[in-house]
Amino acid sequence: MDQQPPGDRAAAGSGVPTPTCYRHPDRGTGISCTRCERPICPECMVSASVGFQCPDCVRQGSGTGHHPAASRPRTLAGGSVAADPRLVTKILLGINLAVFLLVSVRPALVGDLTLLGRAWDPSPPPGSVEGVAEGQWYRLVTSMFLHEEVVHIGFNMLGLWWLGGQLEAALGRSRYLALYLLSGLAGSALTYLLAAQNQPSLGASGAVYGLFGATAVLMRRMNYDMRPVLVLLAINLFFTFRWDGIAWEAHIGGLIAGVAIAIGMVHAPRERRTAVQAGVCALVLLASVGIVVARTMSLT
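Residues numbered from 1 in each chain as written. Predicted model: local features only at pLDDT ≥ 70, side-chain atom pairs only at ≥ 80, totals over all residues. Heavy atoms only, no water.

(A) A look at helix H2 (residues 87-105). When the terminal C-alpha atoms of H2 are compared, their 27 Å separation across 19 residues agrees well with the 27 Å that a helix rising 1.5 Å per residue should span. At its buried positions, H2 is contacted by helix H3 (109-113), helix H5 (150-171) and helix H6 (173-194). (Helix = DSSP H or I, 4+ residues; strand = E, 2+ residues; numbered from the N terminus. Expected span 1.5 Å × (residues − 1). Contact = heavy atoms within 4.5 Å.)

(B) Quick look at the environment of Phe100. Positionally, Phe100 belongs in helix H2. Residue Phe100 is classed as buried on the basis of its relative accessible area, which comes to 14%. (Buried < 20%, exposed > 50% of the residue type's maximum accessible area, 1.4 Å probe, protein only.)

(C) Broad picture of the environment of Gln197. Considering the arrangement of structural elements, one finds Gln197 in the loop between H6 and helix H7 (205-221). Judged by relative accessible area, which is 34%, Gln197 ranks as partly exposed. Gln197 sits 64 residues away from Ala133 along the chain, and the two C-alpha atoms are 9.0 Å apart. In contact with Gln197, not counting residues within four places along its chain, are Leu116, Gly117, Arg118, Ala119, Arg295 and Leu299.

(D) Representation of the side chain of Thr114 in the model. With respect to the helices, strands and loops of the structure, Thr114 is situated in the loop between H3 and strand S3 (119-121). The exposure class of Thr114 is buried, given its relative accessible area of 6%. At 2.9 Å, the side chain of Thr114 and the backbone oxygen of Ser201 are in polar contact. In contact with Thr114, other than residues within four places in its own chain, are Arg139, Ser143, Leu146, Pro200, Ser201 and Leu202. (Polar contact = N/O pair within 3.5 Å; in protein donor to acceptor, adjacent residues only side chain to side chain.)

(E) Representation of the packing of aromatic side chains in the model. Throughout the structure, instances matching the rule amount to four aromatic pairs. When the ring of Phe238 is compared with that of Phe239, the centres are 5.5 Å apart and the planes differ by 70 degrees; the resulting orientation is edge-to-face. For Phe238, a relative accessible area of 47% puts it in the partly exposed group. Relative accessible area serves as the criterion here: at 34%, Phe239 is assigned to the partly exposed category. Where Phe241 meets Trp248, the ring centres are 5.9 Å apart and the plane angle is 35 degrees; that geometry is what we call tilted. With relative accessibility at 33%, the residue Trp248 sits in the partly exposed group. Counting every residue linked through ring pairs, the aromatic cluster contains Phe238, Phe239 and Trp243. Sitting above the plane of the Tyr22 ring, Arg38 keeps its charged end 4.0 Å from the centroid. In this structure, Arg86 packs its charged tip against the face of Trp161, placed 4.2 Å from the ring centre. (Phe/Tyr/Trp six-rings, centres within 6.5 Å; stacked < 30°, edge-to-face > 60°. Lys NZ or Arg CZ within 6 Å of the ring centre and 35° of its normal.)

(F) Inspection of the nonpolar core at higher detail. Within the largest apolar cluster, 47 residues are counted, with the highest numbers of intra-cluster contacts made by Leu160, Tyr176, Tyr180 and Leu211. The set of elements that each furnish at least two residues to this core consists of H2, H3, H5, H6, H7, helix H8 (227-242), helix H9 (248-267) and helix H10 (273-299). The element contributing the most residues to this core is H7, with ten residues. Those residues in contact with Leu211, other than ones at most four positions away along the chain, are Leu160, Leu163, Gly164, Leu167, Tyr176, Leu179 and Tyr180. Judged by nonpolar contacts, the second largest core, of nine residues, contains Leu115, Ala133, Ala189 and Leu299. (Core = buried A, V, L, I, M, F, W, Y, C linked by side-chain atoms within 4.5 Å.)

(G) Representation of the pattern of salt bridges in the model. Under the criterion given, the structure shown has six salt bridges. Notably, a salt bridge pairs Lys90 with Asp84, separated by 3.2 Å at the nearest N-O pair. (Salt bridge = Lys/Arg side-chain N within 4 Å of Asp/Glu carboxyl O.)

(H) Layout of the environment of Asn236. As for its placement among the helices and strands, Asn236 is situated in helix H8. Accessibility expressed as a relative area gives 26% for Asn236, which makes it partly exposed. In this structure the C-alpha to C-alpha distance between Asn236 and Tyr209, which are 27 residues apart in sequence, comes to 9.2 Å. Not counting residues up to four positions away in its chain, the partners in contact with Asn236 are Tyr209 and Phe212.

(I) Geometry of H9. The end-to-end C-alpha distance of H9, which contains 20 residues, comes to 28 Å, matching closely the 28 Å that a straight helix rising 1.5 Å per residue would cover. A large share of H9 lies buried, amounting to 14 of its 20 residues.

(J) A look at the state of the cysteines. A complete count under the given rule lists zero disulfides for this structure. Not engaged in a disulfide, the cysteine Cys33 finds its nearest cysteine sulfur in Cys36; these two sulfurs lie 3.7 Å apart. (Disulfide = S-S within 2.5 Å.)

Printed below as a string of structure tokens:
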């Protein structure tokens, strides 16, 4: 004798098939999950704000009726909470260290990657004019990851590790990365604008000072004692202006950008947080690009 599949069973006295529970094919039901619309029996149905949901949808979305992403925990700035809150910081450290080792093996790369406005390079003969003003805009970014001295990279990486991990955890990965890169770019742009056109500049200090500024804003937002970070910042600024050979322009540019971006990140209204944060980052980027374009026009 032939047997009908469970899903095709007809109601008694009717030619219309009765739906069966997707978890219990032998049980007919007239109720469906309000999210996935699969039929569910009374044993499987879970009460929701509207109708009933199946166990799978409840596990995925915490029974809220919203997309599962809506139930994920968020950082103070609205970013996703990551399992490893220092991943981006570790990657940035790795890039800086890798570039340091690379230029230790090939010192000639320093001249190709450092920030330089416009200057004559006699090597190799017959020589050429090099710099950002000559279209080598990549120097604005490559110089952010470039170090020649152990002490220089040591201090910068210590600051990156100490400040970066806390900020990455508070902001989320993408927002933290935007803060770091835009602060470094702003520091490069101000150096390009104010420093002598033939003065080379390198180092992650602009980005690290951006982290300093953002840390102060974050601590103020969370009502923490700001004295430790302000004292440390004051000490660093003292050495910035007292020691020769330090590109103070990069420090100040990065600090200003870091403060501005962090204010947008942690004080943006919740209902339009992403738009405000993206807008602040875009303004810092446009300001940096505007400075670079203006300086290039004046040099050429």
